[in-house]
Number of protein chains: 2
Amino acid sequence: MTATLTYIGKITTPYHRVEQCPNNIQSQGPLCQITVREEFKQGLKGLTIGQDILVLYWLADAERDLLIQSNKHGDNKGTFALRSPHRPNPIGAAVLSIEAIEGAVITVKGLDCLDNTPVIDIKPAIYKEGIS
Amino acid sequence: MTATLTYIGKITTPYHRVEQCPNNIQSQGPLCQITVREEFKQGLKGLTIGQDILVLYWLADAERDLLIQSNKHGDNKGTFALRSPHRPNPIGAAVLSIEAIEGAVITVKGLDCLDNTPVIDIKPAIYKEGIS
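For every chain, the first residue of the written sequence is number 1, and numbering continues from 1 onward in sequence order. Chain labels run from A onward and ligand labels from 1 onward, assigned in the order the entries are written. Restriction of local features to residues with pLDDT of at least 70 applies here, the model being predicted, together with a cutoff of 80 or more for giving and counting side-chain atom pairs; totals for whole chains, interfaces and linings are based on all residues. Side-chain metrics in this entry use all non-hydrogen atoms of the structure; hydrogen atoms and water are not considered.

Runs of E in the DSSP output that reach at least two residues are strands. Runs of H or I that reach at least four are helices, and both are numbered from the N terminus. Along the polypeptide, Thr107 of chain A turns up in strand β9 (residues 105–109). What makes two residues a contact is simply this: any of their non-hydrogen atoms within 4.5 Å. Look past the residues within four positions of Thr107 of chain A in its chain and what remains in contact with it is Leu31, Cys32, Gln33, Ser97, Ile98, Glu99 and Ala100 of chain A.

Here it is in structure tokens:
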């Protein structure tokens with residue numbers, strides 16, 4: 001009933017305390033870097049500037065046993081009806097455009113997580129049919 | 001450098017062999033069920049019919065050490081430039097509309113994975129700013 005994740009790299013953002021992090025991705029936010037570990041670098045071959053990627057990252061300090069939480073309006077909702085970092089598997093998900101890519105480093109704008117957050121996956125983004 | 005995932009439920013699809021699975025989500029595909037384990041059921045409170053959710057699932061049989069793969073056109077690409085299930089952390093990601101929700105069971109259309117695939121997260125979908 002469990003599986004093990006490997007960190008493939010880390011995210012560099014300007015945020016060193018949780019209170020500094022924005023609530024969600026900001027498409028015009030500050031530049032952030034996704035740096036892939038050397039042994040995974042060839043996995044980036046074929047990604048291009050301007051392409052939209054889905055980035056998955058691991059929110060290591062989250063609480064994993066909250067099933068009901070208050071949203072910003074003070075309503076109680078289930079964890080799976082919220083995008084709170086506190087969830088049984090604290091995976092952050094962001095769709096971002098590639099601003100630059102050089103070696104093992106992808107530059108994007110406006111990630112919402114703490115500096116040094118582990119990355120667990122990068123893949124081309126797809127939207128619901130009809131929206132993309 | 002690693003983290004542990006907990007399965008929160010499982011997905012029911014019509015596909016019992018990998019060759020039967022479509023390559024991606026089909027918005028008009030067959031009805032599929034996401035059944036959350038009893039102990040996580042209250043986490044669904046507040047999800048509604050018609051809402052778009054991001055579902056993350058674990059592709060347990062994937063190969064995890066492929067960094068270069070051929071795409072359908074025969075080009076060699078890096079794993080992170082592809083949506084292949086074979087990747088260091090084999091997490092599937094799908095944005096889907098909720099067709100029905102009853103107790104611990106969410107019905108959606110057109111998932112692309114094998115029957116009995118473990119679910120690891122459900123959260124409200126957001127698109128890139130300006131697209132949603």
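Having seen the structure, we can now continue with the description.
The least-squares superposition of copies is restricted to C-alpha atoms, and to residues with a pLDDT of at least 70 in both copies. At an RMSD of 0.0 Å, chain A and chain B line up after a rotation of 180° and a shift of 0.0 Å along the axis. Such values leave the two copies arranged in the relation of a two-fold axis. Closest approach to the rotation axis within chain A is made by the C-alpha atom of Thr4 of chain A, at a distance of 2.3 Å. The overlap is high: 100% of the interface residues of chain A also sit at the interface in chain B, so the same surface is used on both sides.

On to the sheet that holds strand β7 (residues 91–97) of chain A, then. Residue and element names in this part refer to chain A. Strands were regarded as paired on the criterion that DSSP finds at least two bridges between them. Pairing is antiparallel across the open sheet formed by seven strands, whose spatial order is β7-β4-β10-β2-β3-β9-β8. With one partner strand each, in any of the chains shown, β7 and β8 (100–102) form the two edges of the open sheet. For this sheet the average axis-to-axis angle between neighbouring strands, irrespective of direction, equals 30°. Where strand β2 (residues 9–12) and strand β10 (residues 117–124) come together, three bridges link them in antiparallel fashion. Across the sheet, Ile11 pairs through a bridge with Thr117, a residue of β10. To obtain an axis, a line is fitted to C-alpha atoms, over the contacting stretch when the element is a helix, and the angle between two such axes runs from 0 to 180 degrees between their N-to-C directions.

Residue and element names in this part refer to chain A. Assignment of secondary structure puts Cys21 in the loop between β2 and β3 (31–36). Measuring from C-alpha to C-alpha, the distance between Cys21 and Glu39 comes to 29 Å, with 18 residues separating the pair along the chain. The contact partners of Cys21, leaving out residues within four places of it in the chain, are Tyr15, Asp112, Cys113 and Leu114.

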